[in-house]
Amino acid sequence: MPFHLADASAFTHQFVEGPYARVPKELACAFTASFLVSPLVSIIDKAIVQEIAGVGQLIKTMGVATKDMIVQPKQFLNGLSFRLTFLVYFGTYAVANLSEAALDFYQVKQEETRKLYKVSAASAANIGLLAWRDSVFAREFSGPGVAKKATPSMTIAGFAVRDCATMAATFYFAPKATEYLILEHDVNRHMAEIGCSLSIPVVSQFITAPVHIAALDKYNRPDASTTERMAQIKKEFGKVCFARGLRILPAFGIGSFSNNKFRELTIRQPNEELLLTRRITRRITQLNDKLRGRRTAAVTATSTSK
């Protein structure tokens, strides 16, 4: 899947730059992609925490945060939710990009080996960073009625289980479903890849949402009974499923696509016509040729009129 973090083929891009030139570009691409994806994800995830804690309504909280992002962008970007979310995705994309750069440097060509290393590294980074970030979210955004305390190990474990399931859906079940659609139903590969890479993680939220709710409720109400915990899951299940499904688009669509697109535009490869610098040069040349043609036509027209 060329637009996806799961793509590890040595022949997708065939980047030819050495590590000293390539690594800063890989980090810059991760930085830019993370900046694009983090605003929406941070808004949704903070709203989920506040919804479960009972200190805000999901849609209303998302609306207020979106307005703040537009009206007060500096304050929004300096906010804790955006900064922590940015670190999560920058860390994930940076590890994925640098893993692929290392595999290219050591000339590892076997696709399954490359995929194992790249996906394992990116998944470990994402799971660990999200568990850390969500433990901070639980502490900071659960409202004044919840005393700030160390995040229980059961809460952190719940976050890890949640993200392991999402990673399994993304990197194992989505490719399997893609191949099934292509081989058994002759679906266009590009459409199958896009559809499965977004829909399978969304569907997985029906499994992970109860775990997420229980993990946050464990922080908010550590002494709640099993019956009370199940009632909370039932109450919040629909909203949390919707919100966590919504965040899949930026997290697994916009972020992964833009990260790989930026890499294609900036890192040298055999087909240098794909590079941004070449595209800009080509457009400038075409524009100059067009302007030169117009001037020539104008001069010819003037000469003819005389």
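Before going into details, it helps to say that this report is about the structure given with it. Here the structure is a predicted model, which means the values were calculated and not measured. (Residues numbered from 1 in each chain as written. Predicted model: local features only at pLDDT ≥ 70, side-chain atom pairs only at ≥ 80, totals over all residues. Heavy atoms only, no water.)

By the secondary structure assignment, Thr178 is in helix 6 (residues 153-185). A relative accessible area of 3% places Thr178 in the buried class. For Thr178, the residues in contact, after removing those within four places along its chain, are Ala192, Glu193 and Cys196. (Helix = DSSP H or I, 4+ residues; strand = E, 2+ residues; numbered from the N terminus. Buried < 20%, exposed > 50% of the residue type's maximum accessible area, 1.4 Å probe, protein only. Contact = heavy atoms within 4.5 Å.)

This part takes up the packing of helix 5 (residues 111-141) against helix 6. A pair of packed helices can be characterised by two numbers: the angle between their axes and the separation between those axes. As a packed pair, helix 5 and helix 6 sit with axes 9 Å apart at the nearest point and diverge in direction by 150 degrees. Considered as vectors, helix 5 and helix 6 are oriented roughly antiparallel to each other. The element helix 5 and its partner helix 6 pack so that their crossing is right-handed. Residues Lys115, Val119, Ser123, Asn126, Ile127, Leu130, Ala131, Asp134 and Ser135 of helix 5 form the contact with helix 6, whose own contacting residues are Ile156, Phe159, Ala160, Arg162, Asp163, Cys164, Met167, Phe171 and Pro175. (Axes fitted to C-alpha atoms, helices over the stretch in contact; angles between N-to-C directions. Parallel < 35°, antiparallel > 145°, perpendicular 65-115°, else oblique. Left-handed = near helix turned anticlockwise from the far one by under 90°.)

Next up on the list: the pattern of salt bridges. Tallied over the entire structure, the rule returns 20 salt bridges. Ionic pairing is found between Arg162 and Asp134, a salt bridge with its closest N-O pair at 2.6 Å. Note that Arg162 is positioned in helix 6 and Asp134 in helix 5, a separation of 28 residues in sequence. Accessibility classification places Arg162 together with Asp134 in one group, the buried group. Here Arg229 makes a salt bridge to Asp217, at a shortest N to O gap of 3.0 Å. Of the two residues, Arg229 sits in helix 8 (residues 226-246) while Asp217 sits in helix 7 (residues 189-220), which places them 12 residues apart along the sequence. Judged by relative accessible area, Asp217 falls into the buried class, the value being 2%. (Salt bridge = Lys/Arg side-chain N within 4 Å of Asp/Glu carboxyl O.)

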